[in-house]
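# Report on the structure
What follows is each chain in one-letter form.
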Amino acid sequence: MSFDVAAIRGQFPILSEIIDGLPVHYLDNGASAQTPLAVMDAVRHYETTGRANVLRGVHRLAERATESYENARAQVATFLGVPTMEVVFTGGCTAAINLVAFSYGSLLKPGDRILLSELEHHSNIVPWQLLRSRAGIELDMLPVTTDGRIDLSALPRLLTPKTKLVSLAHVSNVTGALLDVRTVVESAKAVGAKVMLDGAQRAPHGPLDLPSLGIDFYAVAGHKAYGPNGIGALWGRPELMEAMPPFMGGGSMIGRVTLAETTWAPSPRRFEAGTPPIGPAIGLGAACAWMETLDWAGAHDHEMALVQRLMDGLQEIDGTQLFGPASLQNRYPVVSFMLDGVHPHDVAQTLDSFGVAVRAGHHCAQPLMDRFDLDGTTRVSMAPYNDNGDIDALLAGVAHAAKTLR
Amino acid sequence: MSDQLYQERIVALAKAKSGAGKLENPTRTVRRDNPLCGDRVILDVRLDDEGRIAEIGHQVRGCLLCQASASALSAVAVGRDAAGIAELRHDAERALGREPGETHEPFDAFAPVAAHKARQDCVLLPLEALKDALS
């Protein structure tokens, strides 16, 4: 049976809304994906039948809340292919990367090096720059090829015995390029460096098997993976997490507190200080469980067919230029383009008047824009619920912008 | 399609590119960036002995609204001092619906932006830059 897009769309109420007289052609999934009923139902169920704080209370609502929260951890862990108690809930993907930058970073010494790339999202650059200021470490940057992939041929030059961590985007939020994780891990391990992947753009496209990747840390954004805002997840190799000091102090993350000193709870509690975002965590668990129900091979083929339709259609419009891989291999459905003589924000604004939501600008990747001397790009980022109608509406809008704005 | 932000007058202002380019011997050069969208304006001004704008040149790396605003500003800035530029700022604010009152040419062209709050800073960026240049 072919991939049933209509059945998936039916699970996302917002996609059938008419807003200001326009249909919703939502192609800004790379910024935030939409949320299926299953997620909304799970959060509502918690709020209406089991709302309480977790871990400490003995009353039945507290027990329900704790059970739901820990069940959500199990759902996220299943999605990532790791043991349940190796998953830490965070405030988001940015929070997860900051956690590693702070806690793993506190184990580093002046002169140690961290290897990033020029296409990273600011959230995988700035936390390391902050660490550099605090700890005197050095940052190195892998260059990017003209087709928007991290240039791994530079790995031998940039990896040194001083390199302690390589932190890269699993999938680029600008070009959609998929990282060749195997090559990165092999090269990093050869010099004893750990590997962290920013999975914000990969997690929304199906279950993962993190142990098979051979990496050490993985960060996920809830709201990009059909879950609520304010929640993310971090997976870390247990021996590393156990050696890391806490990121934040507070309740729930302690072993024993006296006025003289405090001992830490084991991970994941050590890294979940204070009352966690319980409802959002339950929502993320539901989102992961929902994703497990999809035919991802079919979804991927469908998404790549949309990418092809988009790329073919853009080529028909005079003055468009793709920024990113031209092929459908080793990529995910994020496509950036420029329209000669029209600023990306004006393209996006015109598209909005066609009911098409995209993102335009630097995509929190200013070093990448600087590298290619770009004002920005217009970015189309897709999810399995997108269809040909979304792409055709977008193409009509781009053609209109080309005709009227230059 | 729904409402038209890019009405003819705005597009015409952007295409006119009044004052686009660098000045040979500017009295002051200022740069203003919008960190949210990445728009960038570099303004050169040459001032006369009384602090009035004698000549203005702008380089805009930004969207059509920012280009149109820089063009509109350049068309009416010459001969004005800081107080005169502040008047233009109020005119722009009125066009955007952020202040009450009537607005005048050329900033009345930006009235369609009143309905697009997220784009209003694009219009105001050149005015911010010119304020810096005169302060």
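Scroll up to find the structure.
Residues numbered from 1 in each chain as written. Chains lettered and ligands numbered in written order. Predicted model: local features only at pLDDT ≥ 70, side-chain atom pairs only at ≥ 80, totals over all residues. Heavy atoms only, no water.

### Some details on the pairing of strand S6 (residues 138-142) of chain A
Residue and element names in this part refer to chain A. Bridge count between strand S5 (residues 113-117) and S6: 5 bridges; the pairing is parallel. For serine 117, the partnering residue across the bridge sits in S6 and is leucine 142. The parallel pair S5 and S6 is bridged by helix H5 (residues 126-135), and the resulting crossover is right-handed. (Pairing = 2+ DSSP bridges. Helix = DSSP H or I, 4+ residues; strand = E, 2+ residues; numbered from the N terminus. Right-handed = clockwise from strand over helix to strand, strands pointing away.)

### Some details on the pairing of strand S9 (residues 217-221) of chain A
Residue and element names in this part refer to chain A. Within S9, 5 of the 5 residues are buried, which leaves it mostly tucked inside the rest of the structure. Side chains Phe217, Ala219 and Ala221 of S9 all project onto a buried face; the interleaved residues Tyr218 and Val220 project onto the opposite face, where all are buried too. When strand S8 (residues 194-198) meets S9, the two strands line up parallel, connected through 3 bridges. Looking at the pairing, leucine 197 lines up with tyrosine 218 of S9. As defined by bridge partners, S9 adjoins strand S10 (residues 232-236) across 5 bridges and the pair is classed as antiparallel. Across the sheet, alanine 219 pairs through a bridge with leucine 234, a residue of S10. (Buried < 20%, exposed > 50% of the residue type's maximum accessible area, 1.4 Å probe, protein only.)

### Some remarks on the nonpolar core
Counting 77 residues, the largest nonpolar core has Leu80(A), Leu142(A), Val166(A), Ile215(A), Tyr226(A), Leu368(A) and Tyr385(A) as its most contacted members. In terms of residue count, the dominant contributor to this core is helix H10 (residues 278-292) of chain A (9 residues). Here this core spans two domains, and each of domain 1 (5-28 + 295-404) and domain 2 (50-292) of chain A adds at least three residues to it. When residues no more than four places from it in sequence are discounted, the contact partners of Leu368(A) are Glu118(A), Leu119(A), Val144(A), Val174(A) and Phe323(A). Residues Leu351(A), Ala393(A), Leu405(A) and Leu125(B) belong to the second largest nonpolar core, which totals 68 residues. (Core = buried A, V, L, I, M, F, W, Y, C linked by side-chain atoms within 4.5 Å. Domains from an automatic or database assignment. Contact = heavy atoms within 4.5 Å.)

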